[in-house]
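Breakdown of the fold
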Amino acid sequence: MARNTKWQDDYWLLLMQIYLQKPVGMKPMYSRKMVDLSMELHIPPTVLFNKMCQIANLETPRIEHIWETYGNNPRKLARAARLLREMTGFNHADEFYDGVEMNESFEKDFRPATEETPMTPVMLTLILDLYFRLTPITMVAETPEVQELARLLKVRPQEVAEVLDVFQHCDPYLNKKNVMISPLLLPCQQIWRRFGNANPEDLASYADQLKEYYKSDK
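Reference entry: report on the structure contained in this document. Keep in mind that what you see is a predicted model, and the values were worked out from it rather than measured. (Residues numbered from 1 in each chain as written. Predicted model: local features only at pLDDT ≥ 70, side-chain atom pairs only at ≥ 80, totals over all residues. Heavy atoms only, no water.)

With an omega dihedral of -5°, the bond running from lysine 22 to proline 23 counts as a cis peptide bond. Looking at the secondary structure, you find proline 23 in the loop between helix H1 (11-20) and helix H2 (32-41). Its identity as a non-glycine residue notwithstanding, histidine 42 has a phi of 60°, on the positive side. Structurally, histidine 42 can be placed in the loop between H2 and helix H3 (45-57). In this structure, leucine 58 is a non-glycine residue whose phi angle is positive, near 45°. (Helix = DSSP H or I, 4+ residues; strand = E, 2+ residues; numbered from the N terminus.)

This part takes up the pattern of salt bridges. Proximity of charged atoms lets side chains of opposite charge pair with each other. Counted under the stated rule, the structure contains 6 salt bridges. A salt bridge links arginine 133 to aspartate 129, with the shortest nitrogen-to-oxygen separation between them at 3.1 Å. With a relative accessible area of 5%, aspartate 129 lands in the buried category. The salt bridge involving arginine 156 is made with glutamate 159; its shortest N-O contact spans 3.6 Å. (Salt bridge = Lys/Arg side-chain N within 4 Å of Asp/Glu carboxyl O. Buried < 20%, exposed > 50% of the residue type's maximum accessible area, 1.4 Å probe, protein only.)

Proteins that are soluble and globular tend to have nonpolar side chains buried together. The biggest cluster of nonpolar side chains holds 41 residues, and the ones touching the most others in it are Ile127, Val160, Leu164 and Phe167. Those elements that place two or more of their residues in this core are H2, helix H7 (121-131), helix H8 (144-153), helix H9 (157-170), helix H10 (185-196) and helix H11 (200-215). If one sorts the elements of this core by residue count, H7 sits on top with 8 residues. Discounting chain neighbours no more than four positions away, the residues touching leucine 164 are Ile127, Leu130, Tyr131, Leu134, Met139 and Val146. (Core = buried A, V, L, I, M, F, W, Y, C linked by side-chain atoms within 4.5 Å. Contact = heavy atoms within 4.5 Å.)

With that out of the way, let us pick up H1. Most of H1 is tucked away, with 9 of its 10 residues classed as buried. What H1 keeps buried is the set Tyr11, Trp12, Leu13, Leu14, Leu15, Met16, Ile18, Tyr19 and Leu20.

What follows deals with the environment of valine 24. Topologically, valine 24 is positioned in the loop between H1 and H2. The class for valine 24 is exposed, based on a relative accessible area of 53%. C-alpha separation for the pair valine 24 and alanine 56, spaced 32 residues apart in sequence, amounts to 10.0 Å.

Turning our eyes to something else, we now look at the packing of aromatic side chains. This structure, assessed with the given rule, holds 12 aromatic pairs. Measuring from ring centre to ring centre gives 5.9 Å for tyrosine 19 and tryptophan 67, while their planes differ by 75°; the resulting arrangement is edge-to-face. A residue pair is termed long-range when its members are at least 10 positions apart, and tyrosine 19 in helix H1 and tryptophan 67 in helix H4 (residues 61-70) qualify at 48 residues. According to the relative accessible area criterion, tyrosine 19 is buried, its value standing at 10%. On the accessibility criterion, tryptophan 67 (28% relative accessible area) is partly exposed. On the basis of an interplanar angle of 80° and a centroid distance of 5.8 Å, the ring pair of tyrosine 131 and tryptophan 192 is categorised as edge-to-face. (Phe/Tyr/Trp six-rings, centres within 6.5 Å; stacked < 30°, edge-to-face > 60°.)

Inspection of the secondary structure assignment puts valine 122 in helix H7. Assessed through its relative accessible area of 1%, valine 122 is described here as buried. Through-space distance from the C-alpha of valine 122 to that of alanine 207 is 8.6 Å; in sequence the pair is 85 residues apart.

What follows concerns the side chain of histidine 42. On the basis of relative accessible area, histidine 42 is assigned to the buried category, the value being 13%. One polar contact links histidine 42 to glutamate 107, side chain to side chain, over a distance of 2.6 Å. (Polar contact = N/O pair within 3.5 Å; in protein donor to acceptor, adjacent residues only side chain to side chain.)

The grouping of Arg75, Lys76, Arg79 and Arg82 at the surface amounts to a positive patch. Examined against the element boundaries, arginine 82 turns out to sit in helix H5 (residues 74-88). You can call arginine 82 partly exposed: its relative accessible area is 45%. (Patch = residues over 30% accessible without salt bridge, like charges linked within 9 Å, V, L, I, M, F, W, Y side chains within 5 Å. Areas by Shrake-Rupley, 256 points an atom, 1.4 Å probe, with all protein chains shown as cover. Lys, Arg positive; Asp, Glu negative; His and termini not counted. Charge placed at Lys NZ, Arg CZ, Asp CG, Glu CD.)

Given below as structure tokens:
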């Protein structure tokens, strides 16, 4: 049995908490708190972002009622959200969903790609975006753009350079013949299949959104 991940009215409370955090208003789709809530609810960030737009516009009577009740009382909203999590087992997810098959999709992008590395598919996607901005000779730890992305991802520049090297072996235009042995080869190949042949501008736009995850604090 797959877990039912349809939107529930109670989720408005959790999303409104984020909306009301200073500065009050819309939050980036891939900000840390939006992604954390997405992972908690197993609802994609795109869906939560669209729901937050509905909050901003007070689109339904239900949202208007919640706003009138909690909009000026964040403490009351925090209590209601805490009670909701306690009632639905959010704080004991492993026990609450024990024995329930869960079909994860976007969640995997924010978790390590393999047991051998802390790199996630999201991090690899950001590095692939950088790959298309550099030439092979500049795909080294000393390059400023490599160092800048490493600081954002909180990894060493050499780690970013190593991923760039793996992507060179995924790039059919380079046609590298030497054997590549790396735990990141398969994850990089998967990211290349997803984005390598897409419009670079689309990848760049997506990467800019994903960077918000690393720019925002927990």
